[in-house]
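Spelled out from the first residue to the last, the chains are:
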Amino acid sequence: MVTHQELVSCVGWTTAEELYSCSDDHQIVKWNLLTSETTQIVKLPDDIYPIDFHWFPKSLGVKKQTQAESFVLTSSDGKFHLISKLGRVEKSIEAHCGAVLAGRWNYEGTALVTVGEDGQIKIWSKTGMLRSTLAQQGTPVYSVAWGPDSEKVLYTAGKQLIIKPLQPNAKVLQWKAHDGIILKVDWNSVNDLILSAGEDCKYKVWDSYGRPLYNSQPHEHPITSVAWAPDGELFAVGSFHTLRLCDKTGWSYALEKPNTGSIFNIAWSIDGTQIAGACGNGHVVFAHVVEQHWEWKNFQVTLTKRRAMQVRNVLNDAVDLLEFRDRVIKASLNYAHLVVSTSLQCYVFSTKNWNTPIIFDLKEGTVSLILQAERHFLLVDGSSIYLYSYEGRFISSPKFPGMRTDILNAQTVSLSNDTIAIRDKADEKIIFLFEASTGKPLGDGKFLSHKNEILEIALDQKGLTNDRKIAFIDKNRDLCITSVKRFGKEEQIIKLGTMVHTLAWNDTCNILCGLQDTRFIVWYYPNTVYVDRDILPKTLYERDASEFSKNPHIVSFVGNQVTIRRADGSLVHISISPYPAILHEYVSSSKWEDAVRLCRFVKEQTMWACLAAMAVANRDMTTAEIAYAAIGEIDKVQYINSIKSLPSKESKMAHILLFSGNIQEAEIVLLQAGLVYQAIQININLYNWERALELAVKYKTHVDTVLAYRQKFLETFGKQETNKRYLHYAEGLQIDWEKIKAKIEMEITKEREQSSSSQSSKSMGLKP
């Protein structure tokens, strides 16, 4: 068995079971974790001391059997070496004066960046041709990382961090990050967050704009290594005799004190289940991520070993043990199902029966994300997105141009019973929408486009497909909502709130919650913005959220319980009123009397306001009248009364649409029913003078009526006519109010007659 005699400088995985390590004893050693064997791959010349190495990236979306075939090794003699998997040195290239301190391939494998003691940052082609010297500075550059899109490079400069785009003349971002020299950086492609570690004994988390998100307490020794897990959910930190596992927000899951000396380099296996560390005492340390927890209602699932889980039902303390053939990579517990992916298979357990899971083989390699909805679940791997039913039946696999699944996470993908939404990485202002059952683009195939970059998306979970809504948070931290179904018409994107940091839809009804600045807010009926925006504030529940400290995150919203993770990692549970959910249920099954009774029993303004909006949305004006009266909106009660007295059902429909602010739709309803005068009249009432005249001219009727009302309007304000179209049609025309009133009376009578004849023909079984 081969072991290292000197300090180990760097490690890297080829597969989930195989690792290479390089040491100051000039050896490169291969470790096989299945057989616990080690073999020497190559003995380097005595003048070459390896410092850093990085495997050439696998092409995305290839089968898991294929492995990295070559790597770049940087060394103390100012060269980097391209070496094959078998240990053959293909090429050695003079790169820097003094040691080459780090080398990294970009994500596509089309370029290599090296940094050195000479303070230079160089970009090379994959064959080792120098493309450019990106930057030059007076201090050694200890560490480097590519940005998620391979178009920027992050490197250290003493106590500063610098992000430099490859494009010449593009803006360079630089900030002081530590109080000591920065030794290591890493930049994750999924969450776009940056890690840094320094001689000031701290590690820090930053966003890609250089804003601090987490700042650790000082350790006893300098932090010598940091590394992101591939999916960006966890990171590892190495120091002298210290290995720490942290959440992406910075707080620690675990701290180990192995006898290793300093850990100079940490590498995550491709499936994110284990790490290896290069140790100063000549050892390689291996660690597995265990004790992960998943909770749903009364069930708690814990990953106890690499291939075993424990399920506890807290209601009766029943415990079930689940064992797997291969190691567990990802799991998700929701909607009464536990979905577990191992390295080769997917297991689906029902919470009613833990003994007989449905098992099917995975099409590709490592699953990086599992999302669940009530009827099905979504798996994301390195190449594709797959939708499966809980019976294990493959449903669909949506695709779009330039899709990169390796960078998708729970914030940028959302799933409901009928829709899949994915935020585009190439253009972050765009959301692609797909039909779940077919994987084809939704509706007329148009994507959803917003004016700002979108950070987080979430589909509502209940109700009809035509009413499906998507909520999202943009870069300005505005919370917006819009319809998913978009046929030709430009759908409104409406702002629900500002300074919102995290959001979640309820799993059983369309109630939305979010953390807004220092407030926790629940939108009991977000649809109110489409029906009657004035009463939206009355449909909210608010409470102070300063107790959750800064940067809290909503984990789940199940039943009437919201689970929030604070910045220190602790979980806080908030219970909200169960009544709004019951109200949603009554309304969805058209039990209006029960809904009114419930509101009378609860005696809360929020409930009445929700019922008012729900009733208008469902065109039940009787209930709407009761609800508006209960919240003191007398003007709206009077308007609803006036709608009731309208002669035809088309007129009623149009005025209900007007009530919700849908002017165009109201006009279309009237014109289709042949009620041209009524369509003209609503435009006059809204002072849409251009449109009123346009309709009158187009249908050759009531031009004089429009001109008369316009004249009256101008006289009221003591103004003269300046509109050219109105001046043109008013030429030589005498306004006769008596005649106009008679014409209007005739229109109303005609409408009444039409309405009564259609009613009587229906009662006789005739088609009107």
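If you're wondering where the values come from, they're calculated on a predicted model, not measured in any experiment.

Visitor: So, the sheet that holds strand E17 (residues 182-187): which residues are in play, and what are the values?
Guide: Taken together, four strands build an open sheet; the order of strands is E17-E18-E19-E20 and the sheet is antiparallel. Of all the strands in the sheet, just E17 and strand E20 (212-215) have a single pairing partner and so form its edges. On average, each strand axis in the sheet is inclined to that of its neighbour by 20°, with strand direction left out of account. Pairing of E17 with strand E18 (residues 194-198), which is carried by five bridges, proceeds in the antiparallel orientation. Paired with Trp187 across the two strands is Ile194, which belongs to E18.

Visitor: Before we move on, can you summarise the packing of helix H9 (residues 676-685) against helix H11 (residues 703-716) with the specific residues and values?
Guide: Across the interface, H9 lies against H11 with an axial gap of 11 Å and an inter-helix angle of 15°. When the axis of H9 is compared with that of H11, the two are roughly parallel. Seen along the crossing, H9 lies across H11 with a hand that is right-handed. Every residue of H11 that contacts H9 at Tyr677, Ile680, Gln681 and Ile684 is listed here: Thr705, Val706 and Tyr709. Taken together, the residues that form the contact of H9 with H11 break down as five nonpolar, two polar and no charged.

Visitor: Now, about helix H2 (residues 579-588): what can you tell me, with residues and values included?
Guide: Every buried residue belonging to H2 is among Pro580, Leu583, His584 and Val587, and all of these are buried. Each buried residue of H2 lies within a common arc of 100° when the element is viewed along its axis, so the set occupies one face. Against the buried residues of H2 lie helix H3 (592-602) and helix H4 (605-617).

Visitor: Give a detailed account of the pairing of strand E44 (residues 454-459), specifying residues and quantitative values.
Guide: Among the six residues of E44, five are classified as buried, and the element is accordingly described as predominantly covered. The pairing of E44 with strand E45 (residues 469-474) spans five bridges and is antiparallel. The residue bridging Leu459 from the neighbouring strand is Ile470, located in E45.

Visitor: Please set out the UniProt feature "repeat: WD" (unreviewed entry) in the protein chain residue by residue, giving values where relevant.
Guide: Under the present numbering, the feature "repeat: WD" (unreviewed entry) in UniProt falls on residues 93-125 and 175-207. Helix makes up 0% of residues 175-207 and strand 52%, and the two end C-alpha atoms of the span are 12 Å apart.

Visitor: Mind laying out the nonpolar core, listing which residues take part and the relevant values?
Guide: Most often, soluble globular proteins have nonpolar side chains that are buried together. Ranked by size, the top nonpolar core spans 48 residues in total, and within it Phe520, Val562, Leu583, Leu611 and Tyr628 carry the most contacts. Ranked by the residues each element gives to this core, the list is headed by H4, at 10 residues. Counting 20 residues, the second largest nonpolar core, distinct from the first, contains Val669, Ala692, Leu693 and Val706.

Visitor: Hey, could you go over the pattern of salt bridges for me, with residue numbers and the actual values?
Guide: Under the defined criterion, the tally for this structure stands at 30 salt bridges. A salt bridge links Arg597 to Asp594; its shortest N-O distance comes to 3.0 Å. Of this pair, Arg597 and Asp594 both sit in helix H3, three residues apart, which is roughly one turn of that helix. Relative accessible area serves as the criterion here: at 25%, Asp594 is assigned to the partly exposed category.

Visitor: Explain the environment of Val237 to me, using residue names and the numbers behind them.
Guide: In this structure, Val237 sits in strand E22 (residues 234-239). Each C-alpha atom, one on Val237 and one on Glu625, is 62 Å from the other, the two residues being 388 residues apart in sequence. The residues contacting Val237, other than those within four sequence positions of it, are Tyr203, Ile223, Ser225, Val226, Thr242, Leu243, Arg244, Cys246 and Ile266.

Visitor: Tell me about the pairing of strand E35 (residues 353-361), and please be specific about residues and values.
Guide: Relative to E35, strand E34 (residues 345-350) runs antiparallel, the two being bridged by five bridges. Across the sheet, the residue bridging to Tyr347 is Ile359, located in E35. With antiparallel pairing between neighbouring strands as the criterion, E34 and E35 make up a hairpin whose turn holds two residues.

Visitor: Tell me about the packing of aromatic side chains, residues and numbers included.
Guide: Counted according to the given criterion, the structure contains 34 aromatic pairs. Centre to centre, the rings of Trp251 and Tyr253 are 4.5 Å apart; their planes meet at 50°, and the pair counts as tilted. The buried category is assigned to Trp251, whose relative accessible area is 9%. Overall, the relative accessible area of 44% leaves Tyr253 in the partly exposed class. A network of ring pairs unites the aromatic residues Phe360, Phe377, Tyr386, Tyr388, Tyr390 and Phe394 as a single cluster.

Visitor: Please set out the sheet that holds strand E52 (residues 553-558) residue by residue, giving values where relevant.
Guide: With respect to topology, three strands assemble into an open sheet ordered E52-E53-E54, the strand pairing being antiparallel. Because the sheet does not close on itself, it has two edges, and the strands there are E52 and strand E54 (571-575). Each neighbouring strand pair of the sheet contributes to a mean axis angle of 20°, computed without reference to strand direction. The pairing of strand E53 (residues 561-565) with E54 spans five bridges and is antiparallel. Counted as the bridge partner of Arg565 is Leu571 from E54.

Calculation rules
Numbering of residues begins from 1 in every chain and follows the order in which that chain's sequence is written. Totals for whole chains, interfaces and linings use every residue, but because this is a predicted model, local features are given only for residues with pLDDT of at least 70 and side-chain atom pairs only at 80 or more, for both listing and counting. Calculated side-chain values reflect all of the structure's heavy atoms, with hydrogen atoms and water omitted. For two strands to count as paired, DSSP must find a minimum of two bridges between them. Runs of H or I in DSSP of at least four residues are treated as helices and runs of E of at least two as strands, each being numbered from the N terminus. Fitted lines through C-alpha atoms serve as axes, helices being fitted only where they are in contact, and the angles separating the N-to-C directions of these axes extend from 0 to 180 degrees. Roughly parallel means an angle under 35 degrees; roughly antiparallel means over 145; roughly perpendicular covers 65 to 115; every other angle is labelled oblique. Left-handed describes a crossing whose near helix is turned anticlockwise from the far helix by less than a right angle; the clockwise case is right-handed. Between two residues, a contact is recorded if the distance between any of their heavy atoms is within 4.5 Å. Gly counts as polar in this scheme, as do all residues outside two lists: the nonpolar Ala, Val, Leu, Ile, Met, Phe, Trp, Tyr, Cys and Pro, and the charged Asp, Glu, Lys and Arg. Accessibility here uses a 1.4 Å probe with only protein chains present; expressed as a share of the type maximum, an area under 20% marks a residue as buried, one over 50% as exposed, and anything in between as partly exposed. Summarising the geometry, the arc corresponds to the directions from the helix axis toward the C-beta atoms. UniProt positions are given in the numbering used here, feature names are shortened, and annotations may be inferred rather than shown by experiment. Within this scheme, the nonpolar core is defined by two criteria: the residues are buried Ala, Val, Leu, Ile, Met, Phe, Trp, Tyr or Cys, and they are joined through side-chain atoms within 4.5 Å. A carboxyl oxygen of Asp or Glu within 4 Å of a side-chain nitrogen of Lys or Arg is what we treat as a salt bridge. Any two of the Phe, Tyr and Trp rings considered here, Trp counted by its six-membered ring, make a pair once their centres fall within 6.5 Å; the pair's planes then place it as stacked at under 30 degrees, edge-to-face at over 60, or tilted in between.

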